[in-house]
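# Architecture and fold: a report
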Amino acid sequence: MQDNNQFNPIDDNDESFNLREQLENYLFHWKWFVLGVAVALLGAFFYLRYTPNQYTVSTTILVDDKNSGGLASELSAFADLGLMGGSKAVLDNEIELLKSKSLAGRVVKALGTNVTFFKQGNVMKSELFRGNAPIKISFFSPDSVFHKLDTSFTVRITSSSTFILKDEVGNKSKDHNFGDLINTNFGEMSITPLKQGKFKDDEEVIVQIVPFERVVNRYRNALQIQPVSKQASVLRLSLTDPVKGKAEEILNSLVSQYNNDAVEDKNLTAKNTNEFINQRIVIVNEDLSAVEKGAEQFKSANQLTDLATEASLAVASKSETEKRVLDLNTQLKLTEYVSNYVNANPGELIPANLGIGDASVDGNTEKYNQLVLERNRILKGSTEINPVIVNLNGQIKNLEESIKQSLTNTKASLKISLNAIKGQESRFASTISEVPKQERVFRDIQRQQQIMETIYLYLLQKREENAITMAVTQPSAKIIDFAYGSNAPVSPKGNIIYLAALLLGLLIPFGVIYIMSLLDNKVHTRTDVESTIKAPILGDIPNTKSENKIVVSDSDRSSIAEAFRLLRTNINFMLTGVKQGGKTIFITSTVSGEGKTFVSINLAMVLALTDKKVLLIGADIRKPKIGEYLDLKLDKGLTHYLMDNSLKVTDIIESVTAVNFDFISSTVIPPNPSELLMNGRFEEVLDYGKQHYDYVIVDTAPVLLVTDTLLLSYLADLFIYVVRANYLDKRLLVTPKMMHEEKRLPNMAMLVNGTDLERGYGYGYGYGYKYTDEGLKKPWYKTLFSK
């Protein structure tokens, strides 16, 4: 006996990756890849067909930061040194204002986008925006109730003047006329048509009311605001929505509302000044009326007329002094008015440009009002704990205290000057002591009258100047481009969706096959056997769908018949060094069901076709199957011979005309099979077979389950170890590996049974062609190019 390794094409150290084998493993399942791609592309088609298109609309605005005021204005000189990022801070503030909830709420309320109209299609519904909607609905519920509604209903137009309402569950109401006041569970409403006489028969419009806050948050999250560049104060506002016209109107309304708010903020000082002037005009008018009435009463009581001529010489030297007193009293009154207003309204805007005459007060008042405006504007999108707000409040407080101190100092200075002038007036009065007392009293009354008239006319002038200032206020943002967008949708993108579907259609089958291969622990090909066991491999027997157990005949050219013929050739090569006489071939496997009996019968058949005498012995006396495979019922067999010493070998040998070999089968299962095989009678059967037959094939028991085969292994010239593909667990290959390495089975060679010929692992029969009953068949991919 000899241990030949000529049939092992794999070197002991060859563990290289076989790319073609891996590709063939996936290409074998090409139908699943085709199905996966087809299903994915079909899904992509329906996704694109029924997913609403999304359109992106943009607008660009130039932000005016010249009047931002505050600390940023004072430190702007350091921007060139890279020490300040004033422009970026201004843009960040404006971005927060544009994305503020209050601004978005005013836009939604102005456009009514919390109420949407839809038209039902065959599969999905499409939104109708403004001009496309056939009806207009007016809701009369309070905002506190209406803005929390989350409902929908359907308006079914039955004629040019009537319609029917259907609620969410489909309940219908009675017929209504357009313009009627309708009572619903969420309040009263009225529906009017927008296109008279142009309704389709039974046209339906779905009306959906969404909670106000949800709509506001949705558009705030969808709004994208980015600076065009780092050096410019230009912002680009973008919004994506299924309805392009709706997105354009929302952006235009947002910018318009933003400018309106900015104008209101800038006019706040002017409004407060106008209110202050109007209040002072009323008071001064009352005081002026009282003085004029007192002058009238004084003249009437003293029978006085025009005293100017009479007192012209007396008061000539005093006129200049009185003019100075008048100016000082005017400034003192204005100073007292402003001081009282500042003390009564801390942190509020201070009336400006009233002509107090103190440059320090006027300058601080202007800075103070700018800081208050900046703080109030930022507070719309921020909170009191914002560092910018805290900084501005500190500056406002300091300037307010400075203004109060300046006003106090101004009043003190005016009083000192007034007292000095009055002293001069008293000296002048002593020189005109001859002027009657009535003239002096009348002059006092006339002086009060002139003061009131001067203040009254001054306030009227300032009111007109303030009105002009309010009329020419510029908005904070200049619109560079109104909202516009392309007619091409930004999503879903067909090319990307189809590409993703194609990749997904390929990856899913690939992943499933890969995971199945990872979880698969079965032996599939002879490569699996070669990678573990270094024993010679005689060949592989293809899987057959035939129910016949004998698949080999003299005229059969099928793939399985050719496989057994190749096996016969390789066996003869393995038995080259065996001595003269019959050759004993033992066939075993790891576990039951691997096809060793099937191989034994067909091997005996293919050997018999060469005019050799073949004896097949069923030595698996624990589970005999040869008789079952040959469809024979035998009275005596190997078990009887082993137990009955009176029987001869010829008594248990059976011959069947359907096959060209003789066989010995086991008929009954003994209680002690191992002991019977060791009693020496089995050796007599083999000796007889060697003397009278060319080949003795012994079908033995599986080596993993029982020891019967190992007890008889020394009698074999060749051991064929059958491994069934797609059946045996790879972890059980350790058993034949151990048998070969420890040489417990002499001249052991492997045989892979039940391989899938269609998968083409590189060791097929016919070199890529199939043998059928009709002859040679070409593969499917080659028939495509054949004529």
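Computed from a prediction, not measured in an experiment: that's the story for all the values here.

Helix and strand counts for the chain come out as 26 helices and 23 strands. Within the chain, counting contacts between residues at least 6 apart in sequence, those at least 24 apart form 78% of the total.

Time to look at unusual backbone geometry. Here the residue pair Ser491 and Pro492 is connected by a cis peptide bond, since its omega of -5 degrees sits within 30 degrees of zero. Relative to the helices and strands, Pro492 is located in the loop between strand S13 (477–485) and helix H15 (494–519). Backbone geometry at Asp611 places phi at a positive 60 degrees, although glycine is not the residue there. Position of Asp611 among the secondary structure elements: in the loop between helix H18 (596–608) and strand S16 (614–618).

Next up on the list: the packing of aromatic side chains. Counted under the stated rule, the structure contains nine aromatic pairs. Both rings, one in Phe139 and one in Phe146, keep their centres 4.7 Å apart while their planes meet at 35 degrees; by these two values the pair is tilted. You'll find Phe139 and Phe146 in the same group, each marked buried. Grouped by ring-pair contacts, the aromatic residues Tyr26, Phe510 and Tyr514 constitute a single cluster. Note that Lys613 overlies the ring of Tyr693, its terminal NZ or CZ placed 5.2 Å from the centroid. Lying across the ring of Tyr641, Arg681 places its NZ or CZ 3.7 Å from the centre.

Of all the seven residues making up strand S20 (residues 718–724), six are buried; the element is thus mostly covered by neighbouring parts of the structure. Here strand S15 (residues 583–589) runs beside S20; their pairing, made up of five bridges, is parallel. When the bridges of S20 are listed, Ser589 appears paired with Val722. In the sheet, S20 pairs with strand S21 (residues 748–755) via six bridges, with the strands oriented parallel. Paired with Tyr721 across the strands is Met750, a residue of S21. Between the parallel elements S20 and S21, the chain passes through helix H25 (residues 734–741) in a crossover that is right-handed.

Another point: a nonpolar patch on the surface. Taken together, the side chains of Leu499, Leu502, Leu503, Leu506, Leu507, Phe510, Tyr514, Ile515, Leu518 and Leu519 make up a nonpolar region of the molecular surface, amounting to roughly 970 Å² of accessible area. Here Leu507 is to be found in helix H15. Of the residues examined, Leu507 reaches a relative accessible area of 53% and is grouped as exposed.

What follows concerns the nonpolar core. Ranked by internal contacts, the top residues of the largest apolar core, which has 42 residues, are Phe586, Ile617, Phe682 and Met750. Only S16, helix H20 (638–643), helix H21 (649–652), helix H22 (673–677), helix H23 (681–692), strand S19 (695–699), S20 and S21 provide two or more residues apiece to this core. If near-sequence neighbours (up to four positions away) are discounted, Ile617 is found in contact with Ile626, Leu638, Ile664, Phe682, Val685, Leu686, Val696, Ile697, Val698 and Asp699. Among the nonpolar cores identified, the runner-up in size contains 35 residues, and Val578, Ile601, Val659 and Ile697 belong to it.

In space, the six strands of this open sheet follow the order S3-S2-S10-S5-S6-S7, with antiparallel pairing throughout. Across the chains shown, the open sheet's two edge strands, defined by having one partner strand only, are strand S3 (125–128) and strand S7 (176–177). Summarising the sheet, strand S5 (residues 151–157) and strand S10 (residues 203–209) pair through seven bridges and their orientation is antiparallel. Bridge assignment links Arg156 to a residue of S10, and that residue is Glu204.

Quick look at the sheet that holds strand S1 (residues 55–63) now. The antiparallel open sheet is built from four strands, whose spatial order is S11-S12-S1-S13. At either margin of the open sheet sits one strand with a lone partner, and together these are strand S11 (224–227) and S13. Taking each pair of neighbouring strands and ignoring which way they run, the sheet shows an average axis angle of 20 degrees. Of the strand pairs in this sheet, S1 and strand S12 (residues 234–241) are connected by eight bridges, and their pairing is antiparallel. When the bridges of S12 are listed, Tyr55 appears paired with Asp241. The sheet contacts of helix H7 (residues 212–222) involve S11 and S12, and relative to S12 the element is tilted by about 125 degrees.

Atom-level detail of predicted coordinates should not be read off regions where pLDDT is low. Predicted confidence across the chain gives a mean pLDDT of 80, with 83% of residues reaching 70 or more. Contacts of residues 67–86 to residues separated by more than four positions or lying in other chains number 12 contacts, the stretch itself having pLDDT below 50. Across residues 760–776 the pLDDT falls below 50, and counting only partners more than four positions away or on other chains, this stretch makes 36 contacts in the model.

Before going further, it helps to spend a moment on the packing of helix H2 (residues 30–50) against H15. Here H2 crosses H15 at 145 degrees, and the two axes come no closer than 8 Å. Where H2 crosses over H15, the two elements pack in a sense that is right-handed. Residues Trp32, Phe33, Gly36, Val37, Ala40, Leu41, Ala44, Phe45, Tyr47 and Leu48 of H2 lie in contact with H15, whose contacting residues are Gly494, Ile497, Tyr498, Ala501, Leu502, Gly505, Leu506, Pro509, Phe510 and Ile513. Considering only residue class, the contact of H2 with H15 consists of 17 nonpolar, three polar and no charged.

What counts as what
- Residues numbered from 1 in each chain as written.
- Predicted model: local features only at pLDDT ≥ 70, side-chain atom pairs only at ≥ 80, totals over all residues.
- Heavy atoms only, no water.
- Helix = DSSP H or I, 4+ residues; strand = E, 2+ residues; numbered from the N terminus.
- Contact = heavy atoms within 4.5 Å.
- Phe/Tyr/Trp six-rings, centres within 6.5 Å; stacked < 30°, edge-to-face > 60°.
- Buried < 20%, exposed > 50% of the residue type's maximum accessible area, 1.4 Å probe, protein only.
- Lys NZ or Arg CZ within 6 Å of the ring centre and 35° of its normal.
- Pairing = 2+ DSSP bridges.
- Right-handed = clockwise from strand over helix to strand, strands pointing away.
- Patch = residues over 30% accessible without salt bridge, like charges linked within 9 Å, V, L, I, M, F, W, Y side chains within 5 Å.
- Areas by Shrake-Rupley, 256 points an atom, 1.4 Å probe, with all protein chains shown as cover.
- Salt bridge = Lys/Arg side-chain N within 4 Å of Asp/Glu carboxyl O.
- Core = buried A, V, L, I, M, F, W, Y, C linked by side-chain atoms within 4.5 Å.
- Axes fitted to C-alpha atoms, helices over the stretch in contact; angles between N-to-C directions.
- pLDDT = per-residue confidence, 0-100.
- Left-handed = near helix turned anticlockwise from the far one by under 90°.
- Nonpolar A, V, L, I, M, F, W, Y, C, P; charged D, E, K, R; others polar.

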